[in-house]
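Report on the structure
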Amino acid sequence: MNYSIDRAAVIGAGVMGASLAAHLANAGIPTLLLDIVPPDGASVDGDPESRAYRDAFARGGLKSALKASPAAFYIKETAALVETGNVEDDLEKLRNVDWVLEAVTEKLDIKESLFERIVGYLNPTAILTSNTSGLSVESMAAILPDDLKKRFLVTHFFNPPRYMRLLEIVPNSVTDRAVTEFMADFGEDVLGKGIVYAKDTPNFIANRIGVFSIISVYRTMIERGYTVEEVDLLTGPLIGRPKSASLRTTDLVGLDTLAHTCDTVYDRAPNDEQREFFKLPEFVERMIKENRIGEKAGQGFYKKTKKDGKTEILSLDLKTFDYRPKKRPAFPSVDLAQNMESASERIAALMAAEDRAGEFLWRTLSEALVYSAHRIGEIADDIVQIDNAMKWGFNWEMGPFELWDAMGVERVAKRLGKEGREIPKVVEAVLETKSKSFYEEDEKSRRFFIGEGRHESVREPANTISLARLKKQNKVVKKNAGASLIDMGDGILCLEFHSKMNAIGADIMQMVTAAVNETEANYEGLVVGNEGTNFCVGANLMLLLFEAQEENWEDIDLVIRSFQKMTMSLKYCKRPVVAAPFGMALGGGCEVVLGAGHAYASAETYLGLVEMGVGLIPAGGGCKELLIRNLEGVPRVEGVDLFPFVRAAFETIGFVRVATSAEEAKQLRLLRAEDGVSMNPARVLHYAKAKAKGLASQGYRRPSRAIQIPVVGESGIASIKAHLYMLREGNFISEYDAYLGETLATILCGGRVRTGTMVSEQYLLDLEREVFLGLCGQRKTLERIQHMLKKGKPLRN
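Residues numbered from 1 in each chain as written. Predicted model: local features only at pLDDT ≥ 70, side-chain atom pairs only at ≥ 80, totals over all residues. Heavy atoms only, no water.

**A few points about the overall build of the protein chain**
Looking only at helices and strands, the protein chain features 32 helices and 25 strands. For 797 residues, the compact-globule formula gives about 28 Å, and the C-alpha radius of gyration of the protein chain, at 28 Å, lands near that figure. Its C-alpha atoms put the protein chain at 80 × 70 × 60 Å along the principal axes. Each of the 797 residues in the protein chain was classed as buried or not, and the buried ones make up 55%. Restricting the contact set of the protein chain to residue pairs at least 6 apart, pairs at least 24 apart contribute 70%. Element-wise, carbon and sulfur atoms account for 50% of the exposed surface of the protein chain, whose accessible area totals about 35,200 Å². (Helix = DSSP H or I, 4+ residues; strand = E, 2+ residues; numbered from the N terminus. Rg over C-alpha atoms; globule rule 2.2 N^0.38 Å. Buried < 20%, exposed > 50% of the residue type's maximum accessible area, 1.4 Å probe, protein only. Contact = heavy atoms within 4.5 Å. Areas by Shrake-Rupley, 256 points an atom, 1.4 Å probe, with all protein chains shown as cover.)

Structure follows, in structure tokens:
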């Protein structure tokens, strides 16, 4: 049987169900979103017999998804792919659906009732899945007809589904293997998810391990007297975990949700050696009783208040149960560790620390490592599934078994033994191997421990490229401290940034020149991409501030000229250049993407020319290139009004608009309509390479350098100045914002020339450079740069 999904249905239009429908629409799949008809007494206006009334819950869910923050849809227009309805009037429509995804309340009887109602409307090849986060797939399958059981499984997405990469797949005992494999491929290829196969156990993989880890943190915190601030400092980025750390995370999720997850394990896992661990500590029970359950109640471990018109975040004092101003934690070992580059180094240093920070981390991490080791074979067949679940579902930098290796399996086992604690049998088995580690890696493959003294190769996902692996295979052509040139094979070279935060400095600019020269001499195409957290966050602001304060204008001028030369060399390379942006591509990083001319982006790419936020303008070709892109397709005939297109470019830069998806970047002209987009971030480099190869095979010819750009000149500047005046009069912008806007208008309108004047790219680049240099000498610009470097937020002075 060959399965395909051309249309889908989501039943249950709550926060999760509506978000799932939105994400299916993001993938281009027409989706039917159904919910119940509002019962008597529901607070819904209108005629109870009207469709608007009967579809109110589904329509409300879609409306909430459109307002969601962070956004559920890539662009709002995608919502047109979602059709709303109800489970009384619209079940006939399920006959034309290939996948029905159930996302109703987490109660078995409610799910069973729904399945009984819809089963007669499903077509013979339709796949039925549940988004349950912990109910037994076998229990749900029990009421289904035998034929449908073969097409039924759990597909557990994490919330919010657009952003969380994890998809746990849990088949029942008779699920057709072809169905399971198809849904895994579909989830990976079409929806961009990281797939793990879980067993039919309470809370599956990620929530089982993740919630245990949180409870371990709670117990240690209350028993050893750690403050809320201390805990979140120790359980966040310091150890490779999200910024929300432990307590802020549970505020976001809700303590009531956490309690339900704990109850599920306690009730359904009687043989768990740590079952009693899942009984919530008394202080958590008290917080739930007093409705301090988190953000949805307005208070949890943290509470937002207003003081003197400003938002202040207070912390819960667990001794008094009162909220108080946040206190900065003080751990000498943490101060030292924070200077270390990798989480592995920081954790190793903190494990050796004999202070409260080291004590806390040893206890909580070791408890989680031991618990995870006992779950192999119970919640998943192998350690790779568990590690990936924690990385993709909880945003951990390392899964528990990768953490075992980072901390040193032998070292951890010895310490456990000294403390009289049990050493899991799988750990003893690992210590019998030559590597004494859960993972082994060389230039050919990465291998994981499978028992009996053996390691097996980790499955390499299809259509992916590992730059780290290529480096181990000696594929580096050239490198310096900021960037490397790597041979990707098939005649394609990769320019990889690897400076801190991939910020652009002299090293990267030098390597771009080398990349273009090397590509033109020996390769068919060039990909600009990397495997960092973000593509590139822009230029080195600290260095610029220093040069400006020292009034080194000639040096700044030279840097700008070099930056412009860099982006122009990418644009006019004799071979195709394809940027592969993902995450943040801001300021100079965005200018690199614009300069490349071609792109294959991750769907989750946040592109923007953000220089105005620090009192500057894009001067690496960003203004020039965005103007050109906004004018593309405009008829070059007399009488065509160019100003609306110039204004669009002005608003994108001047209002510091950052695209929140690759699709929105296309609307802002930061990407072109023909640029590729992948929902799976792991495949971006592969697709970018294929695009470069394809362009080369089609006889690529670089753009003509003789391009002339029509500008609107003085009349355009006057129109923008008038608009800025109105904004200033309405107190929407500051006086200096207006000044910055006028300087930007000068560039985008082509200076004080007549409307329709044709100018060259170099003319616009010179305007960029002149304006940029002038702004570097402005006190208020330097204040904005200093504020951004110190506070991480823009200053409106």
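This is not the end of the story, as more comes after the structure.
**Let's talk about the side chain of Ser-315**
If you trace the backbone, Ser-315 turns up in strand 10 (residues 310-317). Given a relative accessible area of 0%, Ser-315 falls into the buried group. Beyond its immediate sequence surroundings of up to four residues, Ser-315 is in contact with Val-228, Glu-229, Phe-301, Tyr-302, Asp-322, Tyr-323, Arg-324 and Lys-326.

**So, the environment of Gly-12**
Positionally, Gly-12 belongs in the loop between strand 1 (8-11) and helix 1 (15-26). Residue Gly-12 is classed as buried on the basis of its relative accessible area of 6%. Taking C-alpha positions, Gly-12 is 9.4 Å from Asn-86, a pair spaced 74 residues apart along the chain. Each residue touching Gly-12, except ones within four places of it in the same chain, is listed here: Gly-17, Ala-18, Leu-33, Leu-34, Asp-35, Ala-103 and Val-104.

**Details of the side chain of Gln-564**
Looking at where Gln-564 falls in the secondary structure, it is placed in helix 23 (residues 553-571). Classification of Gln-564 as buried rests on a relative accessible area of 4%. Discounting residues that sit within four places of it in the chain, Gln-564 has contacts with Ala-619, Gly-620, Gly-621, Leu-765, Glu-768 and Arg-769.

**Considering the environment of Leu-558**
Along the polypeptide, Leu-558 turns up in helix 23. Sequence spacing of Leu-558 and Arg-769 is 211 residues, and the spatial spacing of their C-alpha atoms is 9.9 Å.

**Side note on the sheet that holds strand 16 (residues 483-489)**
Two pairing modes exist for strands in a sheet, parallel and antiparallel, and in both the strands are linked by backbone hydrogen bonds. Within the open sheet, the 7 strands sit side by side as 15-16-17-18-19-21-23. Their pairing is mixed. Of all strands in the sheet, those bounded by a partner on one side alone are strand 15 (476-479) and strand 23 (676-678). Mean inter-strand twist for the sheet, computed between neighbouring axes without regard to direction, equals 20°. (Pairing = 2+ DSSP bridges. Axes fitted to C-alpha atoms, helices over the stretch in contact; angles between N-to-C directions.)

**Thoughts on unusual backbone geometry**
Cis geometry marks the peptide bond from Ser-69 to Pro-70, where omega comes out at 0°. Backbone torsion omega between Asn-159 and Pro-160 reads -5°, so that peptide bond is classified as cis. Despite not being glycine, Asn-474 shows a phi value in the positive range, around 60°. Residue Asn-474 is classed as exposed on the basis of its relative accessible area of 68%. One non-glycine residue, Arg-669, lies in the positive phi region at around 70°.

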